Amino acid sequence: MDKAKPFCISKQEVWDAYERVKANHGAAGVDGQSVAAFEENLINNLYKLWNRLSSGSYFPPPVRRVEIPKSGGGTRPLGIPTVADRIAQMVVKRCLEPNLDRLFHPDSYGYRPGKSAIEAVGQARQRCWDYDWVLDLDIRGFFDNIDHALLMRAVRKHADEKWVVLYIERWLTAPVQMPDGKLVPREKGTPQGGVISPLLANLFLHYAFDCWMARYCPTIPFERYADDAVCHCKSEAQALWLRRKLDERLSDCGLELHPEKTHVVFCKDDNRRGDYPSTKFDFLGYTFRTREAKNRWGAFFVTFSPAVSAKASQRIRHTIRSWRLHRRTGTSLDELACTFNPVLRGWINYYSHYCPSALTPTFQYLNLRLARWACRKYKRLRGHRRRARRWLRGITQRQPELFAHWALTRP
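Please read all numbers here as calculations on a predicted model, not as lab measurements. (Residues numbered from 1 in each chain as written. Predicted model: local features only at pLDDT ≥ 70, side-chain atom pairs only at ≥ 80, totals over all residues. Heavy atoms only, no water.)

1. Remarks on the sheet that holds strand E1 (residues 63–69)
- The strand order across the open sheet formed by four strands is E2-E1-E4-E5, and the pairing between neighbours is mixed. If you trace the sheet from one side to the other, it starts and ends with strand E2 (75–80) and strand E5 (183–184), each paired once.
- The sheet contact formed by E1 and E2 spans six bridges and is antiparallel. Its bridge partner lying in E2, Pro 69 is registered against Thr 75. (Pairing = 2+ DSSP bridges. Helix = DSSP H or I, 4+ residues; strand = E, 2+ residues; numbered from the N terminus.)

2. Looking at unusual backbone geometry
- Within the chain, His 25 stands out as a residue other than glycine whose phi angle is a positive 60°.
- As for its placement among the helices and strands, His 25 is situated in the loop between helix H1 (11–24) and helix H2 (35–39).
- The phi angle at Leu 284 is positive, at roughly 55°, despite the residue not being glycine.
- As for its placement among the helices and strands, Leu 284 is situated in the loop between strand E9 (281–283) and strand E10 (286–294).

3. Let's talk about a positive patch on the surface
- Side chains of Arg 385, Arg 386, Arg 387, Arg 389, Arg 390 and Arg 393 sit close together on the surface and give a patch of like positive charge.
- Given the relative accessible area of 47%, Arg 390 is considered partly exposed. (Patch = residues over 30% accessible without salt bridge, like charges linked within 9 Å, V, L, I, M, F, W, Y side chains within 5 Å. Areas by Shrake-Rupley, 256 points an atom, 1.4 Å probe, with all protein chains shown as cover. Salt bridge = Lys/Arg side-chain N within 4 Å of Asp/Glu carboxyl O. Lys, Arg positive; Asp, Glu negative; His and termini not counted. Charge placed at Lys NZ, Arg CZ, Asp CG, Glu CD. Buried < 20%, exposed > 50% of the residue type's maximum accessible area, 1.4 Å probe, protein only.)

4. Things to note about the pairing of E10
- Direction of pairing for E9 relative to E10: antiparallel, over a ladder of three bridges. Bridged to Phe 281 within E10 is Phe 288.
- Once E9 ends, the chain turns through two residues before running back antiparallel as E10, passing Leu 284 with a positive phi of about 55°.

5. Overview of the pattern of salt bridges
- Applying the stated rule across the entire model yields 13 salt bridges.
- Of the charged contacts, one joins Asp 107 and Arg 127 as a salt bridge, the two residues approaching to 3.1 Å between their closest N and O atoms. Note that Asp 107 is positioned in the loop between helix H4 (83–103) and helix H5 (117–130) and Arg 127 in helix H5, a separation of 20 residues in sequence.
- The buried category is assigned to Asp 107, whose relative accessible area is 9%.
- The partner of Arg 272 in a salt bridge is Asp 132, with the nearest N and O atoms 2.7 Å apart. With Arg 272 in the loop between strand E8 (263–266) and E9 and Asp 132 in the loop between H5 and strand E3 (133–138), the pair connects residues that are 140 residues apart, well separated along the chain.
- The class of Asp 132 is partly exposed, set by a relative accessible area of 30%.

6. Notes on the environment of Asn 99
- Assignment of secondary structure puts Asn 99 in helix H4.
- Sequence separation of Asn 99 and His 158 is 59 residues, and the distance between their C-alpha atoms is 7.2 Å.
- The residues touching Asn 99, leaving out its near neighbours within four places in the chain, are His 158 and Asp 160.
- In terms of polar contacts, Asn 99 uses its side chain to reach the side chain of Arg 102, at 2.7 Å. (Contact = heavy atoms within 4.5 Å. Polar contact = N/O pair within 3.5 Å; in protein donor to acceptor, adjacent residues only side chain to side chain.)

7. Side note on the sheet that holds E8
- The strand order across the open sheet built from four strands is E6-E7-E3-E8, with neighbouring strands paired in antiparallel fashion. Each having just a single partner strand, strand E6 (222–225) and E8 make up the two edges of the open sheet. Taken over all neighbouring pairs, the strand axes of this sheet differ in orientation by 15° on average, direction set aside.
- When E3 meets strand E7 (residues 228–233), the two strands line up antiparallel, connected through six bridges. When the bridges of E7 are listed, Leu 137 appears paired with Ala 229.
- This element, helix H8 (residues 197–216), spans E3, E6 and E7 of the sheet and lies at about 170° to E6.
- Sitting on the sheet, helix H9 (residues 236–252) is in contact with E3, E7 and E8, with an inclination near 20° to E3. (Axes fitted to C-alpha atoms, helices over the stretch in contact; angles between N-to-C directions.)

Structure follows, in structure tokens:
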């Protein structure tokens, strides 16, 4: 560490941040430099970054704007920082996060060490059994509408280091480079895609939502994952009251509840009767709705529980189609399994926690794609889809663990 520098940032901290950024991969920013290209002159690049960070002379470059399709239609804007800027953001995040994480509400699950989305789903499942009504919240354009002044007030309150405040302020005001190359100044919001953005979003909603709920609605539990939240109410009247109050609260913070995507939902099951317009909601890739289940004695009953959502299933099928298995006739079945099993295990690990049978149609679709691959690869199976499926079933009998999804769904 150089004592002549105004800010005490160690070279080791910059190196550790680089290792984290490298592990996360990520696309190139406005300079077109990938992680691999950055590593071609790694020592000099990291030294230059450390020197600028520790001297206060680091100014972030513009953020590259890209649009990704949303499952419900339309696009979601992402801001892609450069590799060096991601490393700088990681340095600040690692300094600030320990203090903030101790501050955050226990029912805030998004982007936190030791917390996960599946924990939030499990907690929501339990509370849907305990409470009859849910307020399913959707904040319109949350990341694009964060008020900089309110956010910086919270940052200054909890940041021990002056350089943390300095660089966060610079990141918030860094311009956005649009796809046509035009630079657009940013007066509010923090770009989705930045390393520091999820932590700042959590800090903003900690005061805008979590603390407000704990102070004014202590009897209404909730689960929040970033800007996705559900609140559990005892009655429809309480849920409608909460919706009005949250509308006012978020408006005071420069935010808005989406009028069409925010719903009051009745958690209908065997013990809850009545006809209501909304009896299901989506949360973190799961759809919560009325389902038939079997108890330990084999008797069927109706419960309100989660399973993989239609949107998540559609995304999985889209990914499977993008693999273009029928074009991979030069690849063996074992090689296909080695290539795609990590992805399949990821889906299974997340979506099979609750009602794993809901994954069956999606994985049967994958089995059909594998049968189509066999028809293209082997002459004796060409034009015989049924024979190809029988051939695939024979493979599952001899090698039942070849594909990860065969543990749930055989051809």
